[in-house]
Amino acid sequence: MEPIEIEIKYPLRVPLCDAADYANDHGYSYTIDFLNRTDVSSSSASGVVNDIKQRLLYMYGRGDPIPDLVLRLEADLPGIQSITHNYRVRVEESSSTPLSPDFGLFWSYKRIDFSYLALALMLLPQMAQVKAMAGLINRQPNERFYALEVPLKAFLPGFALARKYSRKDRVKYALPWSDPILRALSLPAAERAPALASYMKNWCRIMKPLGWKPVRDFSAAAAERRGTRELLFVHFAYEVALAVCAYDLDDSSFQDHPYYPRDVVAHYRAHLRQSRDGWRAAGVGAGVPIELPPPLKKADLSKSKRKGLARWIELASDGDIDATDAVIDQVGKLRKVKELSELSCALAENDIGIHADIKDDETLENQLTQLCAARGLGEFAAPDEPPAGPARCEQLLLAGAAWLKERGYRLLDLDGDDDAWHAVLVKTQYHDEFLALSLQLAVTAREPSDIYG
């Protein structure tokens, strides 16, 4: 195909590339050119609709103004309805089995489809358009996606959720980014936004299977080395934006993230929250209890082949595979830990460690309570005295260590030689191994009873 000259008029939203990279991306050029043609009827219905979806994502990434995206969505809707209707007619004319009335050309557990639908829910100005878009989703048994239909119910009054949702075929590409959203929305209202903020810190890592990379090389030399062209990564955290809009959450702690579509959320709040969705009370969302995903997959610590720092983190995470990988991505595969504060902060950010200022007893208590709850140990009853400050922090660690020891875990203080508290929980059976690894990594791990009180 001949190169296509496409003008990039606005500042790009997509990080890690420039206008030349964008204009020369093969997938972008093909999609935009294909949909500007008039002879698309010979292509498959799903292929045409897929290009329509992809076009909108490219438009957002290249910086098109929000009003232009709204116009694009409004223009797309009748076309997709027509393509779907014609597809249904052709199938039923050639088959003795009628097509299910629940069939649609949007598989909402696919990332492109989910992103397009999320943008539509946050941008289309009329409730009738939202209802029409919902009618394009494939809602046949085993094709419905809970993580899309829960927020959809917050935008479409009367939308009926299914009794059961399949998780088959979603494990690798959909559940890593959808399950954390459901877990966040299942929390008490005050805890939802912090949970989403924690998720956003890991967003780029979670997107790696979908093509995110910290560096992209669009040069011809790089393409020759790889044997294929570099492709743009045009995904954004639409799943987070959709949850924020559906449940009226505070996004101030993560709205500066380069992949968070803050302008879409701002448009929704300014133009649609009251005019289109004023029927929904603030903070109610879908108005139904969230069905929690199954527990996170954990490694069998007795069979793991991780070594060094990776094994040390794995033991501190109690086998949480995602959290272990996230911390390694943040700090690297170190042979010696020269800066404990960085490692401790990474552990705390991924909810597998304690990292608190020397006077911040509130943060320390919250982190300790969460670590106990994540391991299914019940609620840790913190001591009443002292009331605050470093003395209370010491007593929290001492009381926590004693409480955990009775339940098969050891709480270990990590000496950072600084004005902060650092600590981890480790199963008692791996206590000696963890201490040996700590010595190997130049980390001083101690029992609170040996140093406090």
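Here, the structure is the one placed above.
Residues numbered from 1 in each chain as written. Predicted model: local features only at pLDDT ≥ 70, side-chain atom pairs only at ≥ 80, totals over all residues. Heavy atoms only, no water.

A. Examining the side chain of Arg-111 more closely. Secondary-structure assignment places Arg-111 in helix α5 (residues 111-123). At 2.6 Å, the side chain of Arg-111 and the backbone oxygen of Phe-236 are in polar contact. In this structure Arg-111 touches Trp-177, Trp-203, Met-207, Leu-210, His-235, Phe-236, Ala-237, Tyr-238 and Glu-239, once residues within four positions along its chain are discounted. (Helix = DSSP H or I, 4+ residues; strand = E, 2+ residues; numbered from the N terminus. Polar contact = N/O pair within 3.5 Å; in protein donor to acceptor, adjacent residues only side chain to side chain. Contact = heavy atoms within 4.5 Å.)

B. The pattern of salt bridges, seen in detail. All told, the structure shown has 25 salt bridges when counted by the stated rule. Measuring nitrogen to oxygen at the nearest pair gives 3.0 Å for the salt bridge that ties Arg-55 to Asp-76. Of this pair, Arg-55 sits in helix α3 (residues 45-61) while Asp-76 sits in helix α4 (residues 66-94), and the two are 21 residues apart along the sequence. In this structure, Glu-314 and Arg-306 form a salt bridge, with 3.4 Å as the shortest nitrogen-oxygen distance. Given the relative accessible area of 26%, Arg-306 is considered partly exposed. Several salt bridges share partner residues, and in doing so they unite Asp-248, Arg-273, Arg-276, Asp-277 and Arg-280 into one network. (Salt bridge = Lys/Arg side-chain N within 4 Å of Asp/Glu carboxyl O. Buried < 20%, exposed > 50% of the residue type's maximum accessible area, 1.4 Å probe, protein only.)

C. Representation of the packing of aromatic side chains. Tallied over the full model, the rule gives 20 aromatic pairs. With a centroid separation of 5.1 Å and an interplanar angle of 55°, the aromatic rings of Tyr-146 and Tyr-165 are classed as tilted. Residue Tyr-146 is found in helix α7 (residues 146-155), and its partner Tyr-165 is found in the loop between α7 and α8 (175-185); the two are separated by 19 residues along the sequence. Residue classification places Tyr-146 among the buried positions, given a relative accessible area of 11%. The exposure class of Tyr-165 is buried, given its relative accessible area of 12%. A network of ring pairs unites the aromatic residues Tyr-60, Trp-203, Phe-233, Phe-236, Tyr-238 and Tyr-259 as a single cluster. The ring of Phe-106 carries Lys-53 above its face, with NZ or CZ at 4.6 Å from the centroid. (Phe/Tyr/Trp six-rings, centres within 6.5 Å; stacked < 30°, edge-to-face > 60°. Lys NZ or Arg CZ within 6 Å of the ring centre and 35° of its normal.)

D. Layout of the sheet that holds strand β3 (residues 420-427). Taken in spatial order, the 4 strands make up an open sheet running β1-β3-β2-β4, and their pairing is antiparallel. With partners counted over all chains shown, the strands left at the sheet margins are β1 (354-357) and β4 (444-446), one partner each. Across the sheet, the mean angle separating the axes of adjacent strands is 30° when strand polarity is ignored. Summarising the sheet, strand β2 (residues 409-415) and β4 pair through 3 bridges and their orientation is antiparallel. (Pairing = 2+ DSSP bridges. Axes fitted to C-alpha atoms, helices over the stretch in contact; angles between N-to-C directions.)

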